[in-house]
Amino acid sequence: MMTAGGPSMNPVLAESDLPHGLPDFASISDEDFLPAFTEAMGTHLDEVAAIADNPQPPTFANTVEALELSGRDLARAAGVFFNLVGPDTNPRRNEISQELSTRLTDHANTIAMNPALFARISDLHGRAEELGLTEPQRRLLDKSYRDAVRAGAGLDASGQTQMREISSRLAYLTTTFSQKILDDTNASAVLVDDVSQLDGLGAGQIASARRAAADAGHESGYLISLELPTSQSVLTELSDPRTRQRVFDASISRCARDNEFDTRELLREIVVLRARRAQLLGYRDHADYVIAEQTAPDATAVEQLLTELIGSASTAGEREIAALTEFARGVDPDVRIGAADLTYWLARQRRSRSEVDLDAFADYCELDTVITRGVFYAAGVLYGLSFTERPDLRAYHPDVRIWEVFDESGAGIGLFLGDYFARPSKRGGAWMNNIVDQSSLLATQPVIVNVLNIPKPDAGQHALLSIDQLTTLFHEFGHAVHGLLSAVAYPSQSGTSVPRDFVEFPSQVNEMWALHPDVLAHYARHHETGEPIPAELADAARANAGADTAHGTIEYLAASALDLAWHRLSVADAEAVDDVEAFERQALRAAGIGTDLIPPRYRSAYFNHIFGGGYSAGYYSYIWSEVLDAETERWFLAEGGLRRENGARFAASTLSRGNSVDPLVSHEELIGHKPEIGPLMRRRGLVTEDV
């Protein structure tokens, strides 16, 4: 076999002859990964040395572009391995991930701090205006320079040594944090002995809980597995308040139980090291360090947005709680609503306000039908895409399905992998991965994965989706379309490789099609009878989805405020934190959103987005992107909604361009003005008048 770096028998590095470069998962074992990464990193360093030591004067082509196109073996290995760790890990993969976290960080630092390479990049950056670069080239040059500076290339020897130590330690800590969350989430699942304690759940959910208990080694009983957020969706259905409390307590105490999975010492060290790194590089704090690379102007602008939203959400929350309490006491005069009960009573209140049974919606929302006749249908109408399932291709797990994706002309443009069902080896939540990045220079087409955590039904049964699960399915496919429609030259600019506070925007836009009348009519059939969804049920589902609760907004804003509070700390203040829970309480009170009744969507100890993932000082991104999304939804509807012409304009302005252009400029060109907060405020029910 041949790789970019020369002959190799390692199947991880072998160029795949499968369609669109799909890795040959069947040929790869866990023991192949470390040798593959070792070889790939060596090859990459040789390539970088040749660029840095080139005797010719630096040009964009022989320096920046050459650096961008180097390391293809390493990209191939990373595309395979890091796709596996999230959705299908095991003890050996965790060990490998832990070792690679520091090795890859050290590898990146070695390249960034190569003085000869940095001198060439700096020279080009200093005379960028003379080089006649295209916009994508100029953006690549600017980012190459900024990335090197932010990695410590401009520091003296002592500073670089500190940066190496900090970044290597952070890589280890954040990887460990993620692993502990998965372990403790699995360990915290709630075992129920008596089926009567599951009253309110459907037969399929009860069967799934029984199977989960058996899979975990319990001879009897029912196991309620936990989802990643604080608020567990099962709480909306469980009628037994004691069972609700057990599930809530298990959720909120994760990773803070003084056991081997406790993450509090890890996160405190993470916060201190991030503050030190920011200080070394001349930033006020980690939030300023992060937001400097986003579309938001600075951390102060983010704080101002959150403050405005928190004030409105808190007022709306007070009204909501008052109305909910009145409703609940009308059902049970002695009821006391606690944090474990809130979503249950909100769901009951919602059902009481509807003349139709909203729970019946799931009967018309069968997973396979929604995928093929809903998600794919909307993508076909908007973007001209079609999807052909490829059962002849093997993915990394038997549950994963593969489709080949074609454009309007019938040309294959990539692969889409759907990994929808929960399992103990999969971390919680939902996300999109790139196994292969699109790049015209490399002649590569995208291989995209969507990962969800829908309970797997028993053999012969259907996976029926709630409205929340349906929305998540469309959301993640919005990320997938962003990757599939990418049409850029440089791989680092492809698809979702945009600023963190912009990346959620296209996926949020795609949510609008989930209950669109044309799309819903195309997929919503009863899973047993095949009858179309009744018009009154479809209307009720749309009305319910459009009525966001203040509860959900407060949960999210509290988590965003908590994220910023941790990452606005100076080194001295971070080192002074000795009680994680006390810090949380103080931070939430200071933000004006502290309440025991509505805890943050994530408590610090299991806040994987910011202490294990890439959203540190960036959890605000969802609401920041939603400002753009609300404006874009308004634009789509004003232009006629689900039309090929609108999809083509959105693809041309945003989905195809990745980070090759300024994404905010492209968005303003699309909607015709700078985005405003009014549409978002109205959508979330935070104002009743036009703002």
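For the protein, the name recorded in an unreviewed UniProt entry is Peptidyl-dipeptidase Dcp, with Gordonia polyisoprenivorans as its organism. According to its UniProt record, the protein has this under Sequence similarities (unreviewed entry): "Belongs to the peptidase M3 family."

A.B. asks: Any chance you could explain the overall build of the protein here in plain terms?
C.D. replies: Along the protein, the regular secondary structure elements total 26 helices and 9 strands. On C-alpha atoms alone, the protein measures out to a radius of gyration of 25 Å, which is about the 26 Å that the 2.2 N^0.38 rule sets for 691 residues. Here the C-alpha coordinates of the protein stretch approximately 85 × 60 × 60 Å along the principal axes. With 691 residues in all, the protein has 55% of them scored as buried. For the protein, restricting intrachain contacts to residue pairs at least 6 apart in sequence, the fraction spanning at least 24 positions comes to 74%. Here the protein displays about 28,100 Å² of accessible surface, and carbon together with sulfur accounts for 50% of that area. If the 60 positive side-chain charges of the protein are averaged to one point and the 100 negative ones to another, these points end up 2 Å apart.

A.B. asks: Explain the sheet that holds strand β6 (residues 401-406) here, please?
C.D. replies: To summarise the sheet geometry, strands pair through backbone hydrogen bonds and adopt either a parallel or an antiparallel arrangement. The strand order across the open sheet formed by 5 strands is β5-β6-β7-β9-β8, and the pairing between neighbours is mixed. For this open sheet the edge positions go to β5 (386-389) and β8 (431-436), each flanked by a neighbour on one side alone. Each neighbouring strand pair of the sheet contributes to a mean axis angle of 30°, computed without reference to strand direction. The pairing of strand β7 (residues 412-421) with strand β9 (residues 447-454) spans 6 bridges and is parallel. When the bridges of β9 are listed, D419 appears paired with V451. In this fold helix α3 (residues 72-85) packs onto β8 and β9, with an angle of close to 155° to the strand it touches most, β8.

A.B. asks: What's the story with unusual backbone geometry in this structure? I'm lost.
C.D. replies: For residues besides glycine, phi is generally negative; the peptide bonds are generally trans as well. Backbone geometry at C255 places phi at a positive 60°, although glycine is not the residue there. Mapped onto the elements of the fold, C255 is located in the loop between α9 (241-252) and α10 (264-280). Backbone geometry places A443, a non-glycine residue, at a positive phi of 55°. Topologically, A443 is positioned in the loop between β8 and β9. With a relative accessible area of 69%, A443 lands in the exposed category.

A.B. asks: What is the right way to read the packing of aromatic side chains from this model?
C.D. replies: For any pair of aromatic rings, the description consists of the separation of the ring centres together with the inter-plane angle of the planes. Applying the stated rule across the entire model yields 33 aromatic pairs. Between W635 and F636, the ring centres sit 5.0 Å apart and the planes meet at 70°, which makes this aromatic pair edge-to-face. Here W635 falls in the buried class, since its relative accessible area comes to 7%. Each member of the aromatic cluster is reached from another via a ring pair, and the members are F502, F505, W513, W635, F636 and F650.

A.B. asks: Just checking my understanding: could you explain the pairing of β7 for this structure?
C.D. replies: It is a general feature of regular strands that their side chains alternate between the two faces of the sheet. Where burial is concerned, most of β7 is hidden: 9 out of the 10 residues are buried. Alignment of β6 against β7, held across 6 bridges, turns out to be antiparallel. Within β7, the position partnered with E404 by the bridge is L415. Connecting the antiparallel pair β6 and β7 is a turn made up of 5 residues, with G410 showing a positive phi of about 95°.

A.B. asks: Just checking my understanding: could you explain the nonpolar core for this structure?
C.D. replies: Nonpolar side chains in soluble globular proteins tend to end up buried together. Within the largest apolar cluster, 154 residues are counted, with the highest numbers of intra-cluster contacts made by F361, Y383, Y523 and W566. Aside from chain neighbours lying at most four places away, what touches W566 is L267, V271, V577, V580, F583, S604 and F611. Counting residues in each nonpolar core, the second largest holds 33 residues, with F25, F37, V80 and I435 among its members.

A.B. asks: Explain the environment of H522 to me, please; I cannot follow it from the model alone.
C.D. replies: If you trace the backbone, H522 turns up in helix α17 (residues 517-523). A relative accessible area of 25% places H522 in the partly exposed class. Put simply, H522 and V370 are 152 residues apart on the chain and 8.8 Å apart in space, counted from C-alpha to C-alpha. Contacts of H522, omitting those with residues within four sequence positions, involve R373 and Y377.

A.B. asks: Mind showing me how you'd approach the pattern of salt bridges here?
C.D. replies: It is possible for side chains bearing opposite charge to pair when their charged atoms get close. Tallied over the entire structure, the rule returns 46 salt bridges. Note that R169 is salt-bridged to E269, the shortest N-O span being 2.8 Å. Here the residue R169 occupies a position in helix α7 (residues 157-187), and E269 occupies one in helix α10, the gap between them amounting to 100 residues. By relative accessible area, R169 is classed as partly exposed at 33%. Taken together, the salt bridges that share partners define one network made up of D30, D88, R93, D399, D419, R423, K426 and K456.

A.B. asks: How should I be thinking about the domain arrangement of the protein in this particular structure?
C.D. replies: Where interface size is given, it is often the accessible area lost as the parts come together that is meant. Annotation of the protein at the domain level lists domain 1 (19-153), domain 2 (190-253), domain 3 (263-353 + 550-560 + 571-615) and domain 4 (357-533 + 619-690). On a C-alpha basis, the centroid separation for the pair domain 2 and domain 3 is 26 Å. Contacts between domain 2 and domain 3 engage 15 residues on the former and 16 residues on the latter. The salt bridge involving D341 is made with R244; its shortest N-O contact spans 3.1 Å. Seen at the junction of domain 2 and domain 3, the total is 4 residue pairs in polar contact (both at pLDDT 80 or more). Of the residues that constitute the side of domain 2 that touches domain 3, the class distribution is 7 nonpolar, 6 polar and 2 charged.

A.B. asks: Got a minute to help me understand the confidence of the model for the protein in this structure?
C.D. replies: The predicted coordinates ought not to be read in detail in places where the model reports low pLDDT. Of all residues in the protein, 98% have pLDDT values of 70 or greater, and the mean over the chain is 94. The low-confidence segment residues 1-6 (pLDDT under 50) makes 16 contacts with residues lying over four places distant or belonging to another chain.

A.B. asks: Would you mind showing me how to read the environment of R274 here?
C.D. replies: As for its position among the elements, R274 is in helix α10. Here the alpha-carbon distance between R274 and I166, two residues 108 residues apart in the chain, equals 7.9 Å. When residues no more than four places from it in sequence are discounted, the contact partners of R274 are L170, T174, H286, H567, I610, F611 and S616.

A.B. asks: Would you take a moment to explain the packing of helix α16 (residues 500-510) against helix α23 (residues 621-638) for this structure?
C.D. replies: Helix-helix packing is characterised by the crossing angle of the two axes and by the distance between the axes. Contact geometry of α16 with α23 gives a least axis separation of 7 Å together with a crossing angle of 40°. In terms of orientation, α16 lies oblique with respect to α23. Classified by chirality, the crossing of α23 by α16 is right-handed. In contact with R500, D501, F502, V503, E504, F505, Q508 and V509 of α16, α23 contributes S621, Y622, W624, S625, E626, L628, D629, T632 and F636.

A.B. asks: Hey, could you run me through the packing of helix α5 (residues 115-126) against helix α6 (residues 135-151) in this one?
C.D. replies: In the contact formed by α5 and α6, the axes pass within 10 Å of each other and the chain directions differ by 135°. One element, α5, and the other, α6, form an angle in the oblique class. Seen along the crossing, α5 lies across α6 with a hand that is left-handed. Between α5 and α6, the residues in contact are F118, I121, S122, L124 and H125 and L141, D142, S144, Y145, A148 and V149, respectively.

A.B. asks: Sorry, what's going on with helix α18 (residues 535-545) here?
C.D. replies: Given 3.6 residues per turn, any residue in an α-helix points the same way as the ones three and four places further on. Within the sequence span of α18, burial applies to L537, A538, A540, A541 and N544. For α18, the angular spread of buried residues about the axis comes to 165°, placing them on one side. Opposite the buried face of α18, at more than 90 degrees from it, the exposed residues are A535 and A543. Buried residues along α18 sit in contact with α13 (342-353), α15 (467-484) and α17.

Procedures and definitions
- Residues numbered from 1 in each chain as written.
- Predicted model: local features only at pLDDT ≥ 70, side-chain atom pairs only at ≥ 80, totals over all residues.
- Heavy atoms only, no water.
- UniProt positions renumbered as here; feature names shortened; annotations may be inferred.
- Helix = DSSP H or I, 4+ residues; strand = E, 2+ residues; numbered from the N terminus.
- Rg over C-alpha atoms; globule rule 2.2 N^0.38 Å.
- Buried < 20%, exposed > 50% of the residue type's maximum accessible area, 1.4 Å probe, protein only.
- Contact = heavy atoms within 4.5 Å.
- Areas by Shrake-Rupley, 256 points an atom, 1.4 Å probe, with all protein chains shown as cover.
- Lys, Arg positive; Asp, Glu negative; His and termini not counted.
- Charge placed at Lys NZ, Arg CZ, Asp CG, Glu CD.
- Pairing = 2+ DSSP bridges.
- Axes fitted to C-alpha atoms, helices over the stretch in contact; angles between N-to-C directions.
- Phe/Tyr/Trp six-rings, centres within 6.5 Å; stacked < 30°, edge-to-face > 60°.
- Core = buried A, V, L, I, M, F, W, Y, C linked by side-chain atoms within 4.5 Å.
- Salt bridge = Lys/Arg side-chain N within 4 Å of Asp/Glu carboxyl O.
- Domains from an automatic or database assignment.
- Polar contact = N/O pair within 3.5 Å; in protein donor to acceptor, adjacent residues only side chain to side chain.
- Nonpolar A, V, L, I, M, F, W, Y, C, P; charged D, E, K, R; others polar.
- pLDDT = per-residue confidence, 0-100.
- Parallel < 35°, antiparallel > 145°, perpendicular 65-115°, else oblique.
- Left-handed = near helix turned anticlockwise from the far one by under 90°.
- Arc of directions from axis to C-beta.

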